[in-house]
Every structure is written in structure tokens, then in C-alpha cells.
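Inside the fold
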Amino acid sequence: MSETRWVRAACTEHVPLREGREVLIGPLSLALFNLGHQYLAVDNQCPHKGGPLADGIVTGTSVVCPLHSWRISLETGDVDRPASGRGLCVRAYPTRVEDGVVSVEVPVALLARPAERAEGAAAELQESHACTASKASKEEAA
Amino acid sequence: MKRLVVVGNGMAGMACLEQILKHQPRYQVTVFGDETHVNYNRIMLSSVLAGEKAADDIVINPVEWYQRQSIDLRVGVRIVDVDAEAKTVTGADGSVTPYDTLLLATGSSAFMPPIEGLHTDGVLAFRTLDDTREMLRRARPGLKAVVIGGGLLGLEAARGLQVQGCHVTVVHLASTLMERQLDPDGGQYLVGKIQDMGMQVLLGRTTTAILGDGHVEGVALSDDTCLDAELVVVAAGIRPNVELGLKAGLDVTRGIVVNDYMETSDPDIFAVGECVEHRGVCYGLVAPLFEQGKVLAATMTGNRGPTYTGTVPAAKLKIMGVDVFSAGDWSEQHAEPVRFEDRALGIYKKLTVRDGKLAGVILVGDTSDSHRYMDWLRTDADISGQRRHLLFPPPSADGGLDVASMADTATVCGCVGGSKGTIIAAIHEQGVNTMSQLKECTRASTSCGSCTALCQDLLRAVAPEFEDERKKVICACLPYAEDRLREILRSQRLKSVQEVLEIYGNGLGCEVCKPALSYMLDMLWCGDHDEDRSARYINDRVHANIQKDGSFSVIPRIRGGVTSPDELRRIADVADKYHVPMVKITGSQRIDLLGIKKADLPKVWADLGMPSGQAYTKGVRMVKTCVGTEFCRFGTQDSTAAGVEMERRFEQLFTPHKVKMATVGCPRNCAEATVKDIGLIGIEGGWQVVVGGAAGKSVRKADLLVTVETTEQALEASEVFFQYYREQANYLERTYDFVERLGIEKVRKETVYAPEAVQQGLIERLRKSKAKATDAWLEGREPRTAAQFEPLHAMETVTI
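Summary of the structure given here. (Residues numbered from 1 in each chain as written. Chains lettered and ligands numbered in written order. Predicted model: local features only at pLDDT ≥ 70, side-chain atom pairs only at ≥ 80, totals over all residues. Heavy atoms only, no water.)

**Side note on the interface of chain B and chain A**
Residue-level contacts link 35 residues of chain B with 37 residues of chain A. Where chain B abuts chain A, roughly 2,900 Å² becomes buried across the two surfaces, and 57% of that area is made up of carbon and sulfur atoms. The largest share of the area that chain B buries against chain A comes from B:Glu511, B:Leu792 and B:Met795, three residues that together contribute 24% of it. The set of elements that each furnish at least two residues to the side of chain B that touches chain A consists of α16 (513-524), α17 (538-542) and β43 (792-793) of chain B. Residue classes in the side of chain B that touches chain A are distributed as 16 nonpolar, 10 polar and nine charged. Bridge analysis of strand β2 (residues 20-25) of chain A against β43(B) gives two bridges, and the strand direction is parallel. Note on β43(B): the bridge partner recorded for A:Val23 is B:Leu792. (Contact = heavy atoms within 4.5 Å. Buried area = accessible area lost by both parts, 1.4 Å probe. Helix = DSSP H or I, 4+ residues; strand = E, 2+ residues; numbered from the N terminus. Nonpolar A, V, L, I, M, F, W, Y, C, P; charged D, E, K, R; others polar. Pairing = 2+ DSSP bridges.)

Structural data, given as C-alpha cells:
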């Protein structure tokens, strides 16, 4: 498993209830959501056309992209609508809240500027980034 | 091939010809019409006059139909003679046409009473499309118009002229209106309703002379008074056109006499419609024409057998807001009258019962039961067992009961003559599921439209996949139709989206229902609700329009498209300072700055120093204007000032869908007001207010709402409609769908022709919302939510 790091991302009060905010962590742009009982974070680019997910409307534990209404699970990062988008996903990042601060667990390799990333790290990232659907099918095959 | 000559290109002649061609398409047919138009729906002329329909909309058979049927159509040719020996007809143009069979469908003419000065310019009849066009050409706001005759036609003409802005007086000989259809009490109720609409009614008076030198200036009445008038419409009844019948040597009394097989006294000459007299009766209504036509078609094509035994006379006044229905013999001689009246509600109902059967009926103010009574009359039903429920039907167990209890043979559409059975058969056999499909394949409800509700009920009861779009729920999160939901929110005093979702929905909501609820709450509580930005689309969180790359477009408000060098300079400076990739003139006379970063929005707004143009939201967009009287040499109204004022009154408000408006100074319509949600069209002496136009995904010509004299009246009419749309439309329903769904008649009735208190209520709620509304771009200085515009930065450095 690749090395990860917990990053203090934002104060809880900076993300309004049931809304998302873009959080910049080094070269990364994340979309952080306040669902009341929990904070969830995913990549801020919709796998469809790169729409800003932080600007979407929250429905349950999913967000709807403001550009073409793709719906993405904030828990897994998987696309759950449209059917043609199933199998695509964004990375979902583990989060925790301590003393009014939301922290996000980020693979260290992602924090490097893309140009500086080593070959091996990229492949490893690819592996850890695979959608839960394809992960499940791989496990089944195994 | 036998030669059939039809004299008369009206509804009776062509309906009969359609039937004949069904039986036997082997005639070589020539049709003469003295009007220069193809066959049109004469009973809809009052709708053309009232601006509800265009002349094209009332065409029944277009030219292509005649061509397809190989009919030789000769319009504009009046037949002046018939030679029954030589079997020829002679036209006013001198042409002589031979026939084997002749069909006279010459209809009737307007009766012109012997009044001095009847040929003065400005005196018109109301009978043909040309008459209607001439009335429309002359009508203008403030014009003084007198209608002679307070019958069906006279009242419809009066109402049409009033819609065009005229000041209308109805002069009528009898002591109440529509005395042929209504008893004196019913007539009095009608008088009250007509007066309430703002028309003057003078009863018990005849017109003795038309005054004026060359052009009409007034009318003199039998009580020695005079009325100013610039336009006089004579609607004093009709007379059957029997001249050709006389020339052909047929039996003629009041009309051309026909027997039950619709035969005249000459075996080769037939007659149908308003020119005939059957069992002593001449009809001037549409339903008998169709019934006669069917019987005659059978007789003429060698299928003699079916007989015509007369039609129960029935009449319905086609003035919205004034429901009047009359049928059968309502005289109280040897009959038991059954009555209900309520002066406060303006409802009067009278039935007459003879020998346990319904003999006649009069309904004023509430005609919803007219079909039930028509059925009893047509079928001669024994109603002794229903005496307790004559005026008010017993409460039905379910909504479909009324339709279910109708016999299969019962007529649903009195105009085109569809029975319940034939309509149900069509629904089953042709897979009909919607009202428009039903119209398409049965033509039911296409003529006068009074059976629309009944057809809807039938569809609902019978069509397997019928879905009434009005009843559609918003989404699965919140399974309620929108009208029901609005009622719930109002009665339960709910003010926040999340509260509604938790009590009535799945507690979560989605991108469909949340913005809809946000809109409804804002509208219902006039801005005094709990605004929840998480339930708004991103455009309404940051007050700009999101683009494909996540950047935003900024359009400042430029009211009426009128700007200044100073504003333009500031816009140019902003474009430079923020490296705006594209500056574009929009189709709405505004300027669009595209490609602005979300974080820059507050600074851009501050630098522009202009209010939000709301180009990103379901709200008031703009008023497009032309230069009007200020500069244009054709302008009749100051459309620019009117447009700027209009934009001021509506800006900053939210609506079910976007609202685009325009004001134009003359009918040249340079700012395209006829394809806007609301348009003001300047005319000589006033404004036309039009609504429901579109020139986007759909293209639709706006309907005339009302014609008024002053700019203030035009603005107020717009306000009344605007608020009505806000309150009654479904979310994401544009005005063109809304007006189409409700019908302009209903819209008028519930807006500009609603009681004063209703209109005041609409305006007050609009003003209240307006008082609460603010320029959204002020949030650039005082953000509404945390980090509303800027991205957050991690609280620690992470660079490796």
C-alpha cells in the first residue's frame, strides 16, 4: 500500500451544511462536503467532463455535477448515474474531524507535482484509484 | 360520372360533402362560395375577434383538402340563379354550370333591421371572416362602439370589441339579454355579468337612426336619446338565404322546406343547414347542421333510410367568465319548474320537467352540469327517480362516475358529433393517450371546445397510459403534484426546504426537487422564507452562470438595453483588468463577460458598479425595447421608457422559469414582443399586452391578454399576469407552456378580467415580494455563506 498522509484541510464552519467547497491541497483540488453528521471528500473533477463537483447539489450521500447532472457517490467516488458512466469514478479520500478541523488522508505520491512523480508511484496510484466496481470484479476473479 | 354542384362553402355544405364523399367518392364536385376563403369554422369568429385565435386557426378544410378530393373550388363566385328545368346554375360572373345533383347550402345572412343611415361608413354586420377582419381593423383602445342586438352573436361581438380596448354599449330591443335562450330572471343575471365586465347595457330600446355625415358619429334611440359611436355592429339576428330555392321553384316558407330524409320538393335539388326549414323550424346553430348533413349524405348517395327528426335547440355563450347555457323548451307552461339561484354567487339554474321528463334547462353562472342535462334531453330520459338530484348531482363515489354513468350513445362532442362510444372505440383502437391525439383522430373538442373536460375524463377513465401532465409529481423524493404541494406548504406554514423534505418527502431531496421547493417557498412567502443555499443550483449560490470549464459568465443589468458611455467604459475596464476571454453582445440587448473565475466575481461586480442582470437564474431576465416615439419616425408609444420601467418593476424576482419581455412602439415589432413571455405592443392610442410567446426551443406567437389605453394600465396588466404565472405555473414551466396548458381564456378570466379584489391580491403579493428582493450582487460585499466565492486552502503546507 502506498504511503498516505493526514492533512488538516479546513475548519468545519467553512463548509456550510449540505454544501461543498473546493479545497486546494498542494497540487490537488478536492471537493469537501458537509453532510451534517459527517464530512466527505472526493476529487473536484467530474469523471465525465471535469465539472467542479464542489459546486454540485447534494442528494443523500451523493453529489450531482452542475454541468451535466452526473451523480457521484461521495462515499466511494463511483459514478452512479448515468448508467453509461458506471465503472468510472473519482478518488474518495478518508476524512476525520478533530477540534473543529476536517483532516483528509491523501496518498503522499499525489502531493508531488505531476512532473516529479516517479514511474512506479504512478502505477501504484492507478491501482489504488481503481473504482470499487472494478475492484470487486477483480476480487471475484481472484 | 355525375356532376354535383354545391352552392355554399360554409360549415353545413362542407360537413355534408365530407359525408357524401365517404359514401360515394364518384361525384365530380364543384363548390361555389361567395366568400373568398376556404371553409372555416364560423362559430369561432368571436374567438378571432377576441384575439384568441388567428384566422388561420379556424380553417376547417385547407385548399389541399379540396385538391385531394379533386373538388373544383370556385371561391368569390356568388350564384345568382338556378334553372331547375335546364339543370344549370348561373354565377354573378356570368358563368353557367350544369349539374346532375344540386346541393344548396347557402346558409343565412345577417338581418339588417330597417334603420335610417344603415349604409354609413363604420356600420358593420358580424357574420363573416371579412366582417371580423374589418372590425379588428377599426377597433382600437378607447373607440366608442355600439352593438345593436343583445343575443348570442351580439354579446360575443361586444366582448370581442371590448378585449380590443373599445368602450362598448349593447343596445337591445327586449327587456333582458338573450331572451330567446333565457327567461327574464336568467336574463337579468346575464345583464349583471355583462355590466360587471365593464360594458354598458341599454334594454327595451330600438335604434331609430345611425347619425353621422359620411362616417358614423352616433346612434339615435327610440327613447329620444343619442349615443356617441365611432363603430356600430349590427347583430340583430339572421335570415335564411332562400332566394335560390325560390328561383328553383322549391317549396319555401321561412326556409327551404325539407322532409325527414332532407329532401326538397325537387328530386335533384337538396338543401342543408341554416337555409332549410324542417318541421317548421329553421336552425341557426351548429349541431343541427352536422346531424342534417349525415342524413342528407345517406339520402343523396342511394342509402335513403336514416331520418332527421329535429335537434334539441341548445346554445352556449362563448364569453369567458360568463357561463350561459340553454337548451330545450324552458317555458313553464304545463311544466314544473325547478329553480336555484344565488345572487351573491351569480348563479341561476332552472329546469322544466314535463311528464317526468326534462323539457328544458337554463344555466347562468355555472354550466358544469350542461352535459348531464343535454343527455336527458336527447334521450328523452325518464327522470322521475332523480327528482331529488336534479339541480345537484348526488356526490359521486369517484371522479370517473359521471362519465361512467353516461350511455355509450350519449353525445360527448356536440359540434363534431362524437358519442361516448365512438370516442372510447378510438381510444382503444388507435392507442390514444393524450388530449391532442384524441383531437387528431376523432376531431372531438376541436370546434367550440366546451367538451374538453368531458373528453379528459373519458381519457382518464379509459386510456391505459393516460397521464395528466398537470398531475405529474416533481420527483420520487417528494411524491406530490405541484399544485397540491403549494397548498401543503401554505396551509402547514412550512418555510424551509429541509423541513418539507423531512415531513413530506424522503428527507434527502435531489437536484430536481430542491431548487423547485426553493422557488415555491420564496414565492409563497413573498421572500419571507428560510433561504437555504444548499438547495439552490450553483448559479443561484454565486449569482453567475456556470460555463463548461467551471468559469462563470457575468451579465450586468442594462434596463431596456439603454446604457451610457460611462457604463460601457467600466465594462471595458473590467474586461481588461480580469483578462476576460470573450465580451459578447447577447440576444437580449445586454453585454456578456465570459470566462470569469468564481473567486473574481465579487471584485468584478464591485468594479462594474451595476446590478445583477439575473442571466443565470430562473427569474426576470430583461425587457428588450425599440426606440419608440423618442427617435423612431413610426413610433406610436414611448416603448423605451415603458420597457425600462417594466424591468424596474420585475427585476430581482424569481419565477418558475426564466421570463423575457419586450416593449415595442408600434406593430412593426422591432424588439420582437410577440415572441416574448410578456410583450407590450404600442398601437395608436394604447397598448396590446401579449403573453406566452416563445422564440427558443419552441416558437410560439404570444396570445393577446388585453388591450389598454395607458402605459400604467399596460404595466399593471403585465404585473397581474406575471404574479399569476409565478403562483400557478409548475416549476420549469415557461409561460408558453403555461398559457397553452391553461388556455388564454382561463388566463384572462383569472387575471385581467378577474374581480378587482383578486387582481389587487396578485399585485399586493407581487409588491410584497418585490419589497423583500434585493440585488444579488450585493453579496459580493457581504457574502451569505462561508467561503461563498473563494476556494479553501489546506491549513498546513504539504509540498514535498
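**So, the sheet that holds strand β12 (residues 144-148) of chain B**
Residue and element names in this part refer to chain B. Here five strands make up an open sheet; going across it, the order is β11-β18-β12-β13-β14 and the pairing parallel. Two strands close off the open sheet at either side, each with one partner strand: β11 (123-125) and β14 (200-202). For this sheet, the mean angle separating the axes of adjacent strands, direction not counted, is 20°. Judged from the four bridges that link them, β12 and strand β18 (residues 231-234) form a sheet pairing that is parallel. Paired with Val146 across the strands is Val232, a residue of β18. (Axes fitted to C-alpha atoms, helices over the stretch in contact; angles between N-to-C directions.)

**Focus on the state of the cysteines**
With the rule as written, the count across this model stands at zero disulfides over all chains. The thiol of B:Cys670 is not disulfide-bonded; the next cysteine sulfur, from B:Cys626, is found 6.0 Å away. (Disulfide = S-S within 2.5 Å.)

**A few points about unusual backbone geometry**
Here the amide bond leading from A:Arg81 into A:Pro82 is cis, since omega sits at 0°, within 30 degrees of zero. Following the sequence through the fold, A:Pro82 ends up in the loop between β8 (79-81) and β9 (92-93).

**A short note on the nonpolar core**
Across soluble globular proteins, nonpolar side chains show a tendency to be buried alongside one another. All names here are of chain B. In this structure, Leu4, Leu17, Val29, Leu102, Leu103 and Leu104 are the most contacted members of the largest nonpolar core, which totals 49 residues. The leading source of residues in this core is helix α1 (residues 11-23), at seven residues. Counting 45 residues, the second largest nonpolar core, distinct from the first, contains Val147, Val168, Val191 and Val364. (Core = buried A, V, L, I, M, F, W, Y, C linked by side-chain atoms within 4.5 Å. Buried < 20%, exposed > 50% of the residue type's maximum accessible area, 1.4 Å probe, protein only.)

**Topic: helix α23 (residues 735-742) of chain B**
An α-helical segment advances 3.6 residues per turn. Residues three or four places apart therefore align on the same side. Residues and elements named next belong to chain B. Taken together, the buried positions of α23 are occupied by Thr735, Tyr736, Phe738, Val739 and Leu742. Buried residues along α23 cover an arc of 160° about the axis, so they all sit on one side. Packing partners of the buried residues in α23 comprise β39 (686-691), β40 (694-695), β41 (699-700), β42 (703-708), α22 (711-728) and α24 (744-750). Gly743 sits one or two positions beyond α23 and adopts a positive phi of about 90°. (Arc of directions from axis to C-beta.)

**A short note on the pairing of strand β35 (residues 591-596) of chain B**
Taken residue by residue, a regular strand's side chains alternate between the two faces of the sheet. Residue and element names in this part refer to chain B. Of all six residues in β35, five are buried, a share of seventy percent or more. Looking at chain direction, strand β33 (residues 552-554) and β35 are connected through two bridges and run antiparallel. Paired with Val554 across the two strands is Leu593, which belongs to β35. As judged from the four bridges shared by strand β34 (residues 582-585) and β35, these two strands associate in the antiparallel manner. Across the sheet, residue Ile585 finds its bridge partner in β35, namely Ile591. In sequence, β34 turns back onto β35 through a hairpin of five residues, with Gln589 there showing a positive phi of about 60°.

**Considering the packing of aromatic side chains**
The description of two aromatic rings rests on the distance between their centres and on the angle between their planes. All chains considered together, the criterion is met by 12 aromatic pairs over all chains. Ring pairing ties together the aromatic residues B:Trp605, B:Trp777 and B:Phe789, which thus form one cluster. Over the aromatic face of A:Trp6 sits the side chain of A:Arg96, whose NZ or CZ is 4.1 Å from the ring centroid. The lysine or arginine in question, B:Arg668, covers the ring of B:Phe634, its NZ or CZ lying 3.9 Å from the ring centre. (Phe/Tyr/Trp six-rings, centres within 6.5 Å; stacked < 30°, edge-to-face > 60°. Lys NZ or Arg CZ within 6 Å of the ring centre and 35° of its normal.)

**Digging into the pattern of salt bridges**
Opposite charge on two side chains makes pairing possible when the charged atoms of those side chains draw close. All names here are of chain A. Under the definition given, this model contains 55 salt bridges over all chains. Between Asp80 and Arg71 there is a salt bridge, with the nearest N and O atoms lying 2.8 Å from each other. A residue is classified by how much of its surface remains accessible, and Asp80, at 24% relative accessible area, is partly exposed. On the accessibility criterion, Arg71 (26% relative accessible area) is partly exposed. (Salt bridge = Lys/Arg side-chain N within 4 Å of Asp/Glu carboxyl O.)

Note that all results are geometric; they support no functional claim without further evidence.
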